[in-house]
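# Overview (structure and organization)
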Amino acid sequence: MSAITAGGLDLGLPPESWTGVDTGVQALLDRWLVAEGEPVAAGQVVARAVLVKSTLDIVAPAAGVLERVFVPAGANFAREQAVGRIAKG
């Protein structure tokens, strides 16, 4: 998931990650590998999430800066929920 908004690119798990997962199930944001304000490269793993006992990478869709973290490490998030935002740069 990387929706483009006026403020940048939203980060999250891609829709295919949720295939076969019950609607009410949430993922756990295990840890951030980049801090707010740090630059990121396109394709860089910026966070790790756990969904139904599988660890999944959250990848930067474009180069820029991790502008904002919406979901802190250790918190749950829902399908299609943005966990952070990258300002393209």
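Coordinates for the structure precede this section.
Sequence order as written defines the numbering, with residues in each chain counted from 1. Side-chain atom pairs in this predicted model are given and counted only at pLDDT of 80 or more, local residue features only at pLDDT of at least 70, and totals for whole chains, interfaces and linings cover all residues. Only heavy atoms go into the side-chain values, all of them from the structure, while hydrogens and water stay out.

### Remarks on unusual backbone geometry
Positive phi is not limited to glycine here, since Lys53 has a value of about 65 degrees. Only DSSP runs of H or I covering at least 4 residues are called helices, and only runs of E covering at least 2 are called strands; the numbering of each starts at the N terminus. When you line up the elements, Lys53 lands in the loop between β5 (45-51) and β6 (54-59). Backbone geometry places Glu80, a non-glycine residue, at a positive phi of 65 degrees. Summarising the element assignment, Glu80 is placed in the loop between β8 (76-77) and β9 (84-88). Partly exposed residues are those whose accessible area sits between 20% and 50% of the maximum for their type, while under 20% is buried and over 50% is exposed, using a 1.4 Å probe and protein chains only. When its relative accessible area of 66% is taken as the criterion, Glu80 is described as exposed.

### Regarding the side chain of Asp10
Relative to the helices and strands, Asp10 resides in strand β2 (residues 8-11). Using a relative accessible area of 9% as the deciding quantity, one classes Asp10 as buried. Identification of polar contacts relies on pairs of N or O atoms within 3.5 Å, with a donor-acceptor requirement for protein atoms, meaning one able to donate a hydrogen and the other able to accept it, and with residues adjacent in sequence counted only if both atoms are side-chain atoms. At 2.9 Å, the side chain of Asp10 forms a polar contact with the side chain of Arg85.

### Some words on the sheet that holds β8
For sheets, the rule is that strands pair by backbone hydrogen bonds, running either parallel or antiparallel. Spatially, 4 strands are ordered β6-β5-β3-β8 in an open sheet, and the strand pairing comes out antiparallel. Each edge of the sheet is formed by a strand with only one pairing partner; in this case those strands are β6 and β8. Relative to β5, strand β3 (residues 27-32) runs antiparallel, the two sharing 4 bridges. Residue Trp32 lies in a different strand from β5, and its bridge partner there is Ala47. A pair of strands counts as paired when DSSP detects no fewer than two bridges linking them.

Fair warning: the whole summary comes from geometry, so function is off the table for now.
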